[in-house]
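An overview of the molecular structure
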Amino acid sequence: MSDYGGAEGQTGITEISRKHPPTNAQCPACEDVGRKVERQTVLHHVRPEHLSRVNGEAYRFCATPSCTVVYYGEDGARFTVADVREPVTEKTSGDARPICYCFGFSEGDVRRELACHGAITIPQQISRLTKAAMCACEVRNPSGACCLGLVNKIVKQLADEHKTTPVLAEAHDCCAQ
Ligand SMILES: [Zn+2]
């Protein structure tokens, strides 16, 4: 009887220990699961005094607006909004909020276009440049991802406030994910 039980129990334990602990994917502060980013992306965004802490291989980006953590690693390292060089779109509001890191557009640029011309051409401009393979989102954007989805969302929100219908950026793969 004990042999039978023991064999069953051991198999179960082995299977569980082989699985990746799910907590590695979760932000240590807000517990949301962030997207994976390359070590290179983390190195490009942390302030110089934090470069020596970027020693791991596996990092994730936390996109939760209310969470101050930007990057966290499987090695336990974490980098907050105070540790990175630029404001993070998801965690910033107002005119200074960057919406496209490759070409430098901010939320203020969209507001100014709306106020001056009543129309927005910024998503089209970004779309045209990314189609020409002129973007570098995987490095320039702290999230390591293409900005177009978020640009469209932000522009649509601002246009709604002005009761305008914007021409949004055409969705396409500007970066290999
Ligand atoms: Zn978080």
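Given the structure is predicted, the values throughout are model-derived calculations rather than measurements.

**Concerning the environment of Pro-142**
Mapped onto the fold, Pro-142 is located in the loop between helix H5 (137-140) and helix H6 (148-161). Beyond its immediate sequence surroundings of up to four residues, Pro-142 is in contact with His-45, Phe-61, Val-70, Val-84, Glu-86 and Val-88.

**Some details on the packing of helix H3 (residues 107-117) against H6**
Relative orientation of the contacting elements H3 and H6 amounts to 40°, with a least axis distance of 10 Å. Both H3 and H6 take part in a crossing whose hand is right-handed. Along the contact surface, H3 presents Glu-107, Val-110, Arg-111 and Leu-114, while H6 presents Ile-154, Val-155, Leu-158 and Ala-159. Within the contact of H3 with H6, the residues separate by chemical class into 6 nonpolar, no polar and 2 charged.

**A few points about the sheet that holds strand S4 (residues 78-80)**
Taken in spatial order, the 4 strands make up an open sheet running S1-S2-S3-S4, and their pairing is antiparallel. Only two strands of the sheet have a single neighbouring strand rather than two, namely strand S1 (35-37) and S4. When strand polarity is set aside, the average angle formed by the axes of neighbouring strands in this sheet is 30°. Across 3 bridges, the pairing between strand S3 (residues 69-73) and S4 is antiparallel.

**Some points on the packing of helix H4 (residues 122-131) against H6**
Two elements in contact, H4 and H6, have axes whose closest approach is 10 Å; the angle formed by their N-to-C orientations is 170°. The angle between the axes of H4 and H6 places the two elements in the roughly antiparallel class. Contacts between H4 and H6 pair Ile-122, Pro-123, Ile-126, Ser-127 and Thr-130 from the former with Leu-148, Val-151, Asn-152 and Val-155 from the latter. Grouping the amino acids of the contact of H4 with H6 by side-chain chemistry returns 6 nonpolar, 3 polar and no charged.

**Some thoughts on H4**
Within the sequence span of H4, burial applies to Ile-122, Pro-123, Ile-126, Ser-127 and Thr-130. Projected down its long axis, H4 shows its buried positions confined to an angular sector of 135°, all on one face. Of the residues trailing H4, Ala-133 is marked for its positive phi of about 60°.

**With respect to the nonpolar core**
Among the nonpolar cores identified, the biggest contains 16 residues, and Ile-99, Cys-100, Ile-122, Ile-126, Cys-147, Val-151 and Val-155 are the most heavily contacted of them. Listed by contribution, the elements that provide at least two residues to this core are strand S5 (98-100), H4 and H6. The element contributing the most residues to this core is H6, with 4 residues. The residues touching Cys-100, leaving out its near neighbours within four places in the chain, are Phe-105, Ile-126, Cys-147 and Val-151. By size, the runner-up hydrophobic cluster in this structure holds 14 residues, among which are Val-37, Val-46, Cys-62 and Val-88.

Conventions we followed
- Residues numbered from 1 in each chain as written.
- Predicted model: local features only at pLDDT ≥ 70, side-chain atom pairs only at ≥ 80, totals over all residues.
- Helix = DSSP H or I, 4+ residues; strand = E, 2+ residues; numbered from the N terminus.
- Contact = placed C-beta atoms within 7 Å.
- Axes fitted to C-alpha atoms, helices over the stretch in contact; angles between N-to-C directions.
- Left-handed = near helix turned anticlockwise from the far one by under 90°.
- Nonpolar A, V, L, I, M, F, W, Y, C, P; charged D, E, K, R; others polar.
- Pairing = 2+ DSSP bridges.
- Parallel < 35°, antiparallel > 145°, perpendicular 65-115°, else oblique.
- Buried ≥ 20, exposed ≤ 12 C-beta atoms within 10 Å, placed from the backbone.
- Arc of directions from axis to C-beta.
- Core = buried A, V, L, I, M, F, W, Y, C linked by C-beta atoms within 7 Å.

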